[in-house]
Amino acid sequence: MKGLSPSALSAAMRGGTSGWGEHGSSNAHIRYAESQNNLRRKKCHCGCGARATHRGMANGVCLRAGCEMSIRRWVKGGN
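Below, the structure is looked at part by part.

About the thresholds
- In this convention, every chain numbers its residues from 1, walking through the sequence in written order.
- Only residues with pLDDT of at least 70 are given local features in this predicted model, and only at 80 or more are side-chain atom pairs given and counted; all residues enter the totals for whole chains, interfaces and linings.
- The basis for the side-chain values is all heavy atoms of the structure; hydrogens and waters are excluded.
- Numbering goes from the N terminus for both helices and strands, where a helix is a DSSP run of H or I of at least four residues and a strand is a run of E of at least two.
- C-alpha atoms define the radius of gyration in this analysis, and the globule rule sets the expected value at 2.2 Å times the number of residues to the power 0.38.
- Exposure categories follow from relative accessible area, calculated using a 1.4 Å probe and restricted to protein chains: below 20% of the type maximum is buried, above 50% is exposed, and the middle band is partly exposed.
- Residues count as neighbours in contact if any of their non-hydrogen atoms are within 4.5 Å of one another.
- Note: two strands are recorded as paired if DSSP finds a minimum of 2 bridges between them.
- Within 6.5 Å between ring centres, the rings of Phe, Tyr and Trp (the latter by its six-membered ring) count as paired, and their orientation is classed by plane angle as stacked under 30 degrees, edge-to-face over 60, tilted in between.
- Angles run from 0 to 180 degrees between N-to-C directions of axes, and those axes are lines fitted to C-alpha atoms, restricted for helices to the stretch in contact.

### Focus on the overall build of the protein chain
- When helices and strands are tallied, the protein chain shows 2 helices and 3 strands.
- The N-to-C order of helical and strand elements in the protein chain reads α-β-β-β-α.
- Against the compact-globule benchmark of 12 Å for 79 residues, the protein chain has a radius of gyration of 12 Å, which places it among compact chains.
- Considering only C-alpha atoms, the protein chain reaches an extent of 35 × 25 × 20 Å along its principal axes.
- A total of 79 residues make up the protein chain; the buried ones form 25% of that total.
- Within the protein chain, counting contacts between residues at least 6 apart in sequence, those at least 24 apart form 40% of the total.

This is the structure we're talking about:
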């Protein structure tokens, strides 16, 4: 589990590491957010017009990308 971000490590300890990085489900696994640091970001899908600066992760797999607010809402509610 070396090299994981603090949020990924927390999710791994709460949800287990079975199949970590192989498959992720927003319903079956613990959701968490990580920032992405590439320069060519796409626009956020929520309609705010901002760039997608964060990734929505579950079980070590990126499931979606968006602005910080949309990803925080997704982590909390799953929609």
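### Details of the pairing of strand 3 (residues 61-66)
- Where strand 2 (residues 54-58) and strand 3 come together, 5 bridges link them in antiparallel fashion. Each residue of the ladder has a partner; that of alanine 58, found in strand 3, is valine 61.
- Joining the antiparallel neighbours strand 2 and strand 3 is a turn of 2 residues, in which asparagine 59 adopts a positive phi near 60°.

### So, the packing of aromatic side chains
- All chains considered together, the criterion is met by 1 aromatic pair.
- Seen from their ring centres, tryptophan 20 and tyrosine 32 are 6.3 Å apart, and the 5° between their planes marks the pair as stacked. In this pair, tryptophan 20 is assigned in the loop between helix 1 (6-15) and strand 1 (31-35) and tyrosine 32 in strand 1, connecting sequence segments 12 residues apart.

### Re the sheet that holds strand 3
- On the basis of which strands lie adjacent, the open sheet formed by 3 strands has the order 1-2-3 and antiparallel pairing. Each edge of the open sheet carries a strand with a single partner, namely strand 1 and strand 3. Across the sheet, the mean angle separating the axes of adjacent strands is 30° when strand polarity is ignored.
- Along the sheet face, helix 2 (residues 68-77) touches strand 1, strand 2 and strand 3 and points at about 160° away from the line of strand 1.

### Focus: unusual backbone geometry
- Despite not being glycine, asparagine 59 shows a phi value in the positive range, around 60°.
- Assignment of secondary structure puts asparagine 59 in the loop between strand 2 and strand 3.
- Taking relative accessible area as the criterion, asparagine 59 reaches 3% and is therefore assigned buried.

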